[in-house]
Amino acid sequence: MTRGRTDGGHKKRLVTSLVILVICVCFLYVYSRNRGSSALEYGSKSLRKLGSSYWGDDEGTDIGGKQYESSNKFGEGGENDAILKSIPVCDDHHSELIPCLDRHFIYKTKLKLDLSLMEHYERHCPPPERRYNCLIPPPAGYKVPIKWPKSRDEVWKANIPHTHLATEKSDQNWMVVKGEKIAFPGGGTHFHYGADKYIASIANMLNFPNNNLNNGGRIRTVLDVGCGVASFGAYLLSSDIIAMSLAPNDVHQNQIQFALERGIPAYLGVLGTKRLPYPSRSFELAHCSRCRIDWLQRNGILLLELDRLLRPGGYFAYSSPEAYAQDEEDLRIWREMSTLVERMCWKIAAKKNQTVIWVKPLTNDCYMKRDSGTQPPLCRSDDDPDAVWGTPMEACITPYSDQNHQTRGSGLAPWPARLTAPPPRLADFGYTSDMFERDTEVWQQRVDNYWNILGAKINPDTLRNLMDMKASMGSFAAALKDKNVWVMNVVAEDGPNTLKIIYDRGLIGTIHNWCEAFSTYPRTYDLLHAWTVFSDIERNGCSAEDLLIEMDRILRPTGFVIIRDKRAVVEFIKKHLTALHWEAVGTADSEEDPDQDEDNTVLIIQKKMWRTSHSLRESL
């Protein structure tokens, strides 16, 4: 009897232990699904649906089971009074996710796109309910990027673990794998022996002094289409020329990622069916070196888009077989292209070997002398050449304004004087020179204060790629003129299109809507400056949580965020710091800035370096 009772007790204990073990395994499975590397749900409401798993009150205790309704009104209670404890981490295969340029999304949703027109490389954003509401993990072995200017010539291979371009372009000196690094010798498809020599040859063709392409500061902003890994733009920087290096997320899908990792201004975009997100008359020079673009398609609509973007007297440097080859097909293309640009009133400025350089007219005179019915036509008088966000291209010539026609050019000062000289297009917004100069002074003071707060957190080479998320007239970027950085100036698509003032100052930028993801790879910017951006998206009814996760996506580990907004916004963001793996560096009150709204304050944040368990295992 005693032995039977002992055996029975042993069996009960064994069964109890098994039950406990099963419960623990189930718990660990659920926990790993919630905290691990998989994205649990789509959409900005997923955090609220998760309720007690992700939200806590101010003391960190769970708020059991409450499903939060979207309020977008900062400081009105509900979710804004809760502290977000954690955010799911995306699958590791999403480490390079670009939400609005995601080919998997296009495939899954079966969008009907014309591949011949490159529509599949244009922006197609998921609706809010299909967004990945998770943090993008860095790849295995990720390191803090190499600092500029050394980064121009080499990057960590682990940060962009793609070496197919080194093999595919091995005969063109695009890039070379060297142990743990990828080196960039400065070559390109057309300039195997170095971009610097190629740039000097273009300047020589145009008879510019000292073979310097900046021509005494008259050439400052350049558009490089089909830029590869942006070595052309990289070597222009030493001549005080800044290029917007443009390429799609195509079969060479990591070329813009390499450019930004190198610290070179670059943007994901394509000459397809929509206007590029830049205002008219933004660039002194456009460049295409074997960019594989069919310039004759659709009545020359792509060349006409370049025409819209070029300033009066601007150049288009074209290096391609059509400019020199003698086979029948290349000769046909060259003849048709020459006829087209002649009807556009472009003239050949220089032609040598494999390169031709066309120049755009300074005035409307040539357009007015064309025969009636000449194609392409002039654009309609009601066409706004600066309307670019999602705007279809037009196969027409954009004539100059009366002011440009009379002054025979843009009326801009040479660089660097143009950075602080009031540009003529201020008048388009009713702004005065005094307003412009005051704006420049105010932002200089504000930027100085930012750097004082950052203090010991940064060295002279800590920051390279910066973004001003609401750039207005570009005075934040102008205040950084003495620092070794470049700024992507972003102007809201639904506000005054002051981007043309920014380009007239010799700076670069793009139009964007912050209710959507930005066209860049993860981990590409060292600092994001958000001046009242959260208040703006609140008015537009968009998700502040989505914007925070998007900012985390494009921010490099150890990078910084500067929030300048009303106090309720700052308090809201503070409640998300832990979940985002961010930490506050410092704050400033409105009393320290007499030109700041009394309800505004400054919060400076740094993103921590973090890795998933899978990434850590892969790094070992």
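Here is what the cut-offs are and how they apply
Residues numbered from 1 in each chain as written. Predicted model: local features only at pLDDT ≥ 70, side-chain atom pairs only at ≥ 80, totals over all residues. Heavy atoms only, no water. Helix = DSSP H or I, 4+ residues; strand = E, 2+ residues; numbered from the N terminus. Buried < 20%, exposed > 50% of the residue type's maximum accessible area, 1.4 Å probe, protein only. Contact = heavy atoms within 4.5 Å. Core = buried A, V, L, I, M, F, W, Y, C linked by side-chain atoms within 4.5 Å. Phe/Tyr/Trp six-rings, centres within 6.5 Å; stacked < 30°, edge-to-face > 60°. Lys NZ or Arg CZ within 6 Å of the ring centre and 35° of its normal. Pairing = 2+ DSSP bridges. Axes fitted to C-alpha atoms, helices over the stretch in contact; angles between N-to-C directions. Expected span 1.5 Å × (residues − 1). Salt bridge = Lys/Arg side-chain N within 4 Å of Asp/Glu carboxyl O. Arc of directions from axis to C-beta. Disulfide = S-S within 2.5 Å. Polar contact = N/O pair within 3.5 Å; in protein donor to acceptor, adjacent residues only side chain to side chain. Right-handed = clockwise from strand over helix to strand, strands pointing away.

Caption draft 1: Fine view of the overall build of the protein. When helices and strands are counted, the protein shows 19 helices and 19 strands. Every one of the 620 residues in the protein was classed for burial, and the buried ones make up 55%. Residue pairs at least 24 apart in sequence account for 70% of intrachain contacts in the protein once pairs closer than 6 positions are excluded.

Caption draft 2: Expanded view of the nonpolar core. Core analysis: the biggest nonpolar cluster contains 145 residues, and Trp-295, Phe-316 and Phe-534 have the highest contact counts within it. Apart from the residues lying within four places of it in its own chain, the contact partners of Phe-534 are Phe-74, Ala-544, Leu-547, Leu-548, Met-551, Ile-563, Asp-565, Val-569 and Ile-573. Counting residues in hydrophobic clusters, the runner-up holds nine residues, among them Val-155, Trp-174, Ile-182 and Phe-258.

Caption draft 3: Examining the packing of aromatic side chains more closely. Inspection of every chain in the model, using the stated rule, returns 21 aromatic pairs. What links up through ring pairs into an aromatic cluster is the set Tyr-267, Tyr-278, Phe-283, Tyr-503, Trp-514 and Phe-518. Lying across the ring of Trp-156, Lys-143 places its NZ or CZ 3.9 Å from the centre. In this arrangement the basic side chain of Arg-464 is found over the ring face of Trp-148, its NZ or CZ atom lying 3.8 Å from the centre.

Caption draft 4: Fine view of the sheet that holds strand β10 (residues 310–319). Taken together, seven strands build an open sheet; the order of strands is β8-β7-β6-β9-β10-β12-β11 and the sheet is mixed. Two strands close off the open sheet at either side, each with one partner strand: β8 (266–268) and β11 (347–352). Averaged over neighbouring strand pairs, the angle between their axes works out to 20° when direction is ignored. In terms of strand pairing, strand β6 (residues 221–225) meets strand β9 (residues 283–289) through three bridges, oriented parallel. Each bridged residue has a counterpart across the sheet, and for Leu-223 the counterpart in β9 is Ala-286. Where helix α8 (residues 297–309) meets the sheet, it contacts β6, β9 and β10, and its direction lies at approximately 135° from that of β10. Those strands touched by helix α9 (residues 328–343) are β10, β11 and β12 (355–359), and its axis lies near 15° from that of β12.

Caption draft 5: Representation of helix α12 (residues 433–454) in the model. If you check α12, its first and last C-alpha atoms are 32 Å apart, about what 22 residues at 1.5 Å a residue would give, namely 32 Å. Taken residue by residue, α12 has Phe-436, Asp-439, Thr-440, Val-442, Trp-443, Arg-446, Val-447, Tyr-450, Trp-451 and Leu-454 as its buried positions. Those residues of α12 that are buried are in contact with β13 (465–468), α13 (475–478), β16 (525–531), β17 (555–566) and β19 (600–607). Within two residues after α12, Gly-455 carries a phi angle of roughly 45°, on the positive side.

Caption draft 6: Summary view of the pattern of salt bridges. What the rule picks out here adds up to 26 salt bridges. For Glu-284, the salt bridge is made with Arg-418, and the minimal N-O distance between the two is 2.9 Å. One end of the pair, Glu-284, is in strand β9; the other, Arg-418, is in the loop between α11 (402–407) and α12, and 134 residues separate them in sequence. For Arg-418, a relative accessible area of 4% corresponds to the buried category. Between Lys-500 and Asp-428 there is a salt bridge; the shortest N-O distance is 3.0 Å. One end of the pair, Lys-500, is in helix α14 (residues 499–504); the other, Asp-428, is in the loop between α11 and α12, with 72 residues separating them in the sequence. Put simply, Glu-284, Arg-311, Arg-418, Arg-425 and Asp-504 are held in one network by salt bridges that share partners.

Caption draft 7: Just the environment of Asn-254, in detail. Locating Asn-254 in the fold gives a position in the loop between β7 (242–247) and α7 (255–261). Between the alpha carbons of Asn-254 and Glu-96 there is a distance of 9.4 Å; along the sequence they are 158 residues apart.

Caption draft 8: Seen up close, helix α5 (residues 195–205). Burial in α5 covers these residues: Ala-195, Tyr-198, Ile-199, Ile-202, Ala-203 and Met-205. Seen end-on, α5 carries its buried residues on one side only, within an arc spanning 160°. In this structure, the buried residues of α5 make contact with α6 (231–236), β9, β10, β11 and β12. Just beyond α5, the residue with positive phi is Asn-207, at close to 60°.

Caption draft 9: Fine view of the state of the cysteines. On inspection of all chains with the given rule, the structure shows six disulfides. One disulfide in the model links Cys-90 with Cys-134; its S-S distance is 1.9 Å. One disulfide, between Cys-90 and Cys-134, carries an S-S torsion of 90° and so falls in the right-handed class. Of the two residues, Cys-90 sits in the loop between β2 (83–84) and α3 (103–109) while Cys-134 sits in the loop between α3 and β3 (154–156), which places them 44 residues apart along the sequence. No difference in accessibility class separates Cys-90 from Cys-134, as the two residues are buried. Sulfur-sulfur distance for the disulfide between Cys-379 and Cys-396 comes to 2.0 Å. Across the S-S bond of Cys-379 and Cys-396 the torsion is about 90°, and the bridge reads as right-handed. With Cys-379 in the loop between α10 (365–369) and α11 and Cys-396 in the loop between α10 and α11, the pair connects residues that are 17 residues apart, well separated along the chain. Of the two residues examined, Cys-379 and Cys-396, each falls in the buried class.

Caption draft 10: Expanded view of the side chain of Arg-275. With respect to the element layout, Arg-275 can be found in the loop between β8 and β9. Side-chain polar atoms of Arg-275 contact the backbone oxygen of Asp-384, separated by 2.8 Å. When neighbours within four sequence positions are excluded, Arg-275 is seen to be in contact with Glu-305, Arg-308, Asp-383, Asp-384, Pro-385, Asp-386, Ala-387, Val-388, Thr-391, Pro-392, Met-393 and Glu-394.

Caption draft 11: Examining the pairing of strand β14 (residues 486–492) more closely. Counted residue by residue, β14 has six buried out of seven residues, so it is predominantly covered. Bridging between β13 and β14 involves four bridges; their strand directions are parallel. Each bridged residue has a counterpart across the sheet, and for Leu-466 the counterpart in β14 is Val-487. Inspection of the sheet shows β14 paired to strand β15 (residues 508–512) by five bridges, in the parallel sense. Following the sheet pairing, Val-490 is matched in β15 by Thr-510. Read as a crossover between parallel neighbours, the route from β14 over α14 to β15 is right-handed.

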